[in-house]
Amino acid sequence: MGKKSSDSVKLRNFHSASWDEPVVMQLGVPGRRGQVFAKPDAEVVKKAGKPDSLIPRELARTTLPKLPEMTEPEVQRHYLHLSQETQGMVNISLFGTCTMKYNARVSETVAQRPFVAEVHPLQPDDTMQGILEILHEFDLGLRELSGMDQFVFQAGGGADAAYTNCVVTRAYHKSLGELGRRNEVITSIQAHPCNAATAAAAGFKVITLNLEENGYPSTEALKAAVSGRTAALFINNPDDMGIYNPNIKEWVRIVHEAGGLCFYDHANFNGVMGKIRARELGFDACMFMLHKTFGAPKGGGGPAVGAYGCTAALAPFLPKPVVVKEKDKYRLDYGMKQSAGKVREFFGNVPQVIKAYAWLCAMGGDGIDEASDISVLANNYMDKKLSKIRGLAMSNPDIRKHRLEMTRWSLGPMKTDTGVGTVEVANRMADYGVDPYWMSHEPWVVPEPFTPEAGEMYSKEDLDYWMAVIAKVSEEAYAEPELVKSAPHNQPIRQIKGDWLDDPEKWAMTWRAYLRKHGSKSGTAEKTAPSHAAE
Amino acid sequence: MTANESGAHPWMGNSLASVKQAMLDEIGVATIEELFEQIPKEHRLKAKLKLPPGIKSEASLRRHLTSILSKNEDCEENLNFLGAGCWQHHVPAVVDEIVGRTEFLTPVWGSPQSDLGRNQAWFEYASQLGELLNMDVVSLPVYSWGCAIGHAIRMASRMTDRHEVIIADIFDPERLSVVENYCEPVDMPDHISIVRVKTANGLIDLADLKKKVTAKTAAVYFETPSYLGLFETNAAAIAATARHFGAETIVGVDPLTLGIVRPPADFGADIVVGPTQPLGVHMNCGGGVGGFIASRDEARYVREYNGFLVSITETARAGEFGFGLASAHQTSYGMREKGKDWTGNSVYLWAIANAVYMSLLGPQGFKELGELIISQSHFAAKRLGEIAGVSIPFKTGFFKEFVVDFTKTGKTVAEINAALRKQKIFGGKDLSAEIPALGQSALYCVTEVHTSEDIERLAAGIEKAVM
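The sections below set out a description of the structure shown in this document.

The rules behind each value
- Residues numbered from 1 in each chain as written.
- Chains lettered and ligands numbered in written order.
- Predicted model: local features only at pLDDT ≥ 70, side-chain atom pairs only at ≥ 80, totals over all residues.
- Heavy atoms only, no water.
- Helix = DSSP H or I, 4+ residues; strand = E, 2+ residues; numbered from the N terminus.
- Expected span 1.5 Å × (residues − 1).
- Buried < 20%, exposed > 50% of the residue type's maximum accessible area, 1.4 Å probe, protein only.
- Salt bridge = Lys/Arg side-chain N within 4 Å of Asp/Glu carboxyl O.
- Contact = heavy atoms within 4.5 Å.
- Buried area = accessible area lost by both parts, 1.4 Å probe.
- Nonpolar A, V, L, I, M, F, W, Y, C, P; charged D, E, K, R; others polar.
- Axes fitted to C-alpha atoms, helices over the stretch in contact; angles between N-to-C directions.
- Parallel < 35°, antiparallel > 145°, perpendicular 65-115°, else oblique.
- Left-handed = near helix turned anticlockwise from the far one by under 90°.
- Pairing = 2+ DSSP bridges.

1. Here we look at helix 7 (residues 129-146) of chain A
Residues and elements named next belong to chain A.
So, step 1. The end-to-end C-alpha distance of helix 7 is 25 Å, a good match for the 26 Å that 18 residues give at a rise of 1.5 Å each.
So, step 2. Most of helix 7 sits out of view: 15 of its 18 residues are buried.
So, step 3. The positive-phi residue at the C-terminal boundary of helix 7 is Gly-147, with phi of around 85 degrees.

Below, the structure is given as structure tokens:
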């Protein structure tokens, strides 16, 4: 069964770079320098005094920090080696829920120029007209995609946008004198954990709806949860299973009737761009991740942007400032008296917003519509082919309708048959040069999950390669399970051991902690540093 | 038909009609539209998006972006003295190269094996910052310094089961606004009330602190240097007072000071936070900010971190090391609303910038940089203090930022800054509205990027402006 996929594609004989690279703290020679700064000139010393005399005596540092002492090229080489020991999406990464995209290098080169990189956020508005224009124009684009009335970019990621929704929700209910009473947030088990977590961190009680046979919570369950205590509903749609809740309009109506707000976590926007809008479904607010859907790079976890938008009714409560256009000039408006304050200093990861604006311009309305078409087409193409591979099972097999831009899959049958589970398969797939996939957020609602998302960037040949790899690994799991269980084999290191990671006596979050806990096992501390052993 | 005529987009591998058809054939449907069958018709957007057509030409896109952004003025063509939470420092070229590497720039996560290099770079961020701070635990950075303060206060509140934090009456309004949100409104059950302690000569007033710290205090938070740039010389006494009442001491510190001054841990700090942007990240119009959190290596602290802790660990091959997440079960990824606050994408690429920066500087670089900054800033303060009507309220004991009082010139800070603008100088941040007691004062920032000629130019500009 599985042979068909892997036979038609030639798998690469891949091996990642393995530099056996020491930890930087082991490198260097005393006295070497990577950066040298000028000495204060004579005139400065004459007027200001010697540096020693300027440092409060009781605070002066007498022992220098034990940092590496390296030349500039040695530092460069060390970190180049580390970059090469990072698979890092240089081949194919179908990391579902995160919507892997091409991150245009033209946007990188533009954003690195001084007119972005060397701008201070407190400069006068008239010296930031270009940046403010892009923030405003991009806001208008997101309004068109969502139907909302105002966006802000202060949130430093998707979770921070969910938190932004929490603070806006608090300010809104406070303005009505109902905050103490409205203390519950309703979400679903398939909404990203950050929805529940930020709501709790903002002081709300969290009610989590479980999935039912249609793949989403029932409207009856929602009704049972909604009350006069409901502050808001935080929900995504479609969810990570690729399933769309068709009752969402009714859900919004039910929550609104009880006086609650409705927040649309658009984490899974790629398959519905240009197809639906949060506003027409009745939502009060929504969030887009610019580092996912809008082509800004992910940076291995930020800098990111959660663009948060809301209706005019909620806009007075947004974090300050917002960009306002007056005639042909733009300014930052800090004047909102009911603002929820700030969730982060200044007004956002501006370079990332510029890159997302560039993506919006390059795609255009036609390209965005086509991209969502392609995302859904490619996912269904994968669904069809993955279903032929041994040991794989689609989540909610009884739901026959086509999924949207991603599908949650399970390796439950493979685990039962062979003992090989999803972690092992991800590790083994990396041996063939594809980045480890996303499994699932907690809790796992299907056994041994994985969640590929094709998106619009990867070609059909890329998807075929990826599926040939998983088909090959399936063959291996059934023929030689130990090979997969002990994977990876073609990566810079073998599987890490977990026993240090939750043991206060053994974990070491810094090199100094490592030396203290593990450095005295044999000989001198420096020599006990483990290194990559050659085989 | 050529690819171009077919409208193939350069960023979409499957925009060729023939490829779409092949995939439709495999699925066994006639149109893409059929694949959207889950969405009720009445949910569908009726009209086409009102957005312009895509700019597929990279040359045209580049021109479009640069034509807009060229309307900005920046701190290379202007002489900049703004700081206050985002500071102009030298960014070494090697830092820019490393954070531009595709392997670090574009991926999302990987595994401990496939993304060993990035995980090691993260560990090296924590390890080097730990040396500067004299602390054994450093987590991956959070969104900003203000967010780091907020999380640290919430850690202290959970650890002590108390709901008050003490903060100086003079405090950055940007950071304070963030912290107020993290402390939650009074209507919420876990609300943490912020008690303001007086300052005297810019430092925490110990007498007032002793009145404010009680058995209800979860934490005392202070900064060194403070918002107005001053080293907190009473750090040890403040920490002792907090400890006497069973409260945690949380200290904010600029890591660039740590080549010349002792770290807060040496004065009794329990949790240390601060900005990461000074460590090799461009200002990026405020988009360069990030915040670190560090503590001693005690389980009661470690178990309260919201973010990721990267630990060195062994692998299946003897003598080989790798990196994994320590105490990971407590994060919101695993525990949803029962996790410690929340975590998610943050500023992890900048943690790599920070690691490269610290490796480049080394111990001597931090010392030299600290000495240069403190010399230049004091030179600037003295020079500006010579101008008729201009005074420096806090003449010593600061690092890179200091207050300049223009009250006696008869001009407002706004007027002076407007005059400086005409000379291509961005004057300091206007404090007159936020701290009326300081009159017409501004917060100036002088760093290693400023030469003594720059400072003479500023002085000449102010002399002209106050005439």
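Structure shown, so let's carry the discussion forward.
2. Considerations on the pattern of salt bridges
So, step 1. Under the counting rule described, the total for this entry stands at 66 salt bridges over all chains.
So, step 2. As a salt-bridge pair, Asp270(B) and Arg243(B) come within 3.0 Å of each other at their nearest N and O atoms. Of this pair, Asp270(B) sits in the loop between strand 8 (248-253) and strand 9 (271-275) while Arg243(B) is found in helix 9 (residues 235-244), placing the two residues 27 residues apart along the sequence.
So, step 3. Look at Asp270(B) and you get buried, because its relative accessible area is 3%.
So, step 4. One salt bridge connects Arg262(B) with Asp266(B), and the closest N-O pair in it is separated by 3.9 Å.
So, step 5. A relative accessible area of 29% places Arg262(B) in the partly exposed class.
So, step 6. Overlapping salt bridges bring together Arg512(A), Arg516(A), Lys517(A), Glu131(B), Asp136(B) and Asp297(B) as one network.

3. What about the environment of Lys39(A)?
So, step 1. Structurally, Lys39(A) can be placed in the loop between helix 1 (3-7) and helix 2 (42-48).
So, step 2. What makes Lys39(A) exposed here is its relative accessible area of 58%.
So, step 3. Look past the residues within four positions of Lys39(A) in its chain and what remains in contact with it is Glu368(B) and Leu372(B).

4. Section: the interface of chain A and chain B
How big an interface is tends to be expressed through the accessible area that disappears when the partners come together.
So, step 1. Contact residues are listed per partner, giving 215 residues for chain A and 201 residues for chain B.
So, step 2. At the boundary of chain A with chain B, total buried surface from both sides reaches about 18800 Å², with 62% on carbon and sulfur atoms.
So, step 3. Of all residues in chain A, Phe37(A), Met509(A) and Arg512(A) bury the most surface against chain B, accounting for 4% of the area lost on that side.
So, step 4. On the surface where chain A and chain B come into contact, there are 17 salt bridges.
So, step 5. Residues Arg512(A) and Asp136(B) are paired through a salt bridge, measuring 2.8 Å at the closest nitrogen-oxygen approach.
So, step 6. The biggest single contributor to the side of chain A that touches chain B is helix 12 (residues 350-386) of chain A, with 28 residues.
So, step 7. The residue makeup of the side of chain A that touches chain B, split by class, is 112 nonpolar, 51 polar and 52 charged.

5. Concerning unusual backbone geometry
So, step 1. Residue Asn237(A) is joined to Pro238(A) through a cis peptide bond whose omega torsion reads 0 degrees.
So, step 2. Locating Pro238(A) in the fold gives a position in the loop between strand 4 (230-235) and helix 11 (248-257).
So, step 3. Here the bond from Glu442(A) into Pro443(A) is cis, since omega is -10 degrees, no more than 30 degrees from zero.
So, step 4. Positionally, Pro443(A) belongs in the loop between helix 14 (422-430) and strand 12 (449-450).
So, step 5. Unlike most non-glycine residues, Asn396(A) shows phi in positive territory, near 45 degrees.
So, step 6. Residue position: Asn396(A) is located in the loop between strand 10 (393-394) and strand 11 (409-410).
So, step 7. Positive phi outside glycine occurs at Ala84(B), with the angle close to 60 degrees.
So, step 8. With respect to the helices, strands and loops of the structure, Ala84(B) is situated in the loop between strand 1 (79-80) and helix 3 (93-99).
So, step 9. On the basis of relative accessible area, Ala84(B) is assigned to the buried category, the value being 3%.

6. Regarding the packing of helix 12 of chain A against helix 2 (residues 58-69) of chain B
So, step 1. Look at helix 12 of chain A against helix 2 of chain B: their axes get within 10 Å of each other, and the N-to-C directions meet at 135 degrees. Classed by the angle they form, the pair helix 12 of chain A and helix 2 of chain B counts as oblique. Crossing geometry of helix 12 of chain A relative to helix 2 of chain B is assigned as right-handed. Between helix 12 of chain A and helix 2 of chain B, the contacting residues are Ile354(A), Tyr357(A), Ala358(A), Cys361(A) and Ala362(A) on the first element and Leu61(B), His64(B), Leu65(B), Ile68(B) and Leu69(B) on the second.
So, step 2. For the contact of helix 12 of chain A with helix 2 of chain B, a count of residues per class yields 9 nonpolar, 1 polar and no charged.

7. Notes on the pairing of strand 11 (residues 310-314) of chain B
Residues and elements named next belong to chain B.
So, step 1. Burial runs high along strand 11: 4 of the 5 residues are buried.
So, step 2. As paired elements, strand 11 and strand 12 (residues 321-325) share 5 bridges and run antiparallel to each other. Within strand 12, the position partnered with Val-310 by the bridge is Leu-325.
So, step 3. Joining the antiparallel neighbours strand 11 and strand 12 is a turn of 6 residues, in which Gly-319 adopts a positive phi near 85 degrees.

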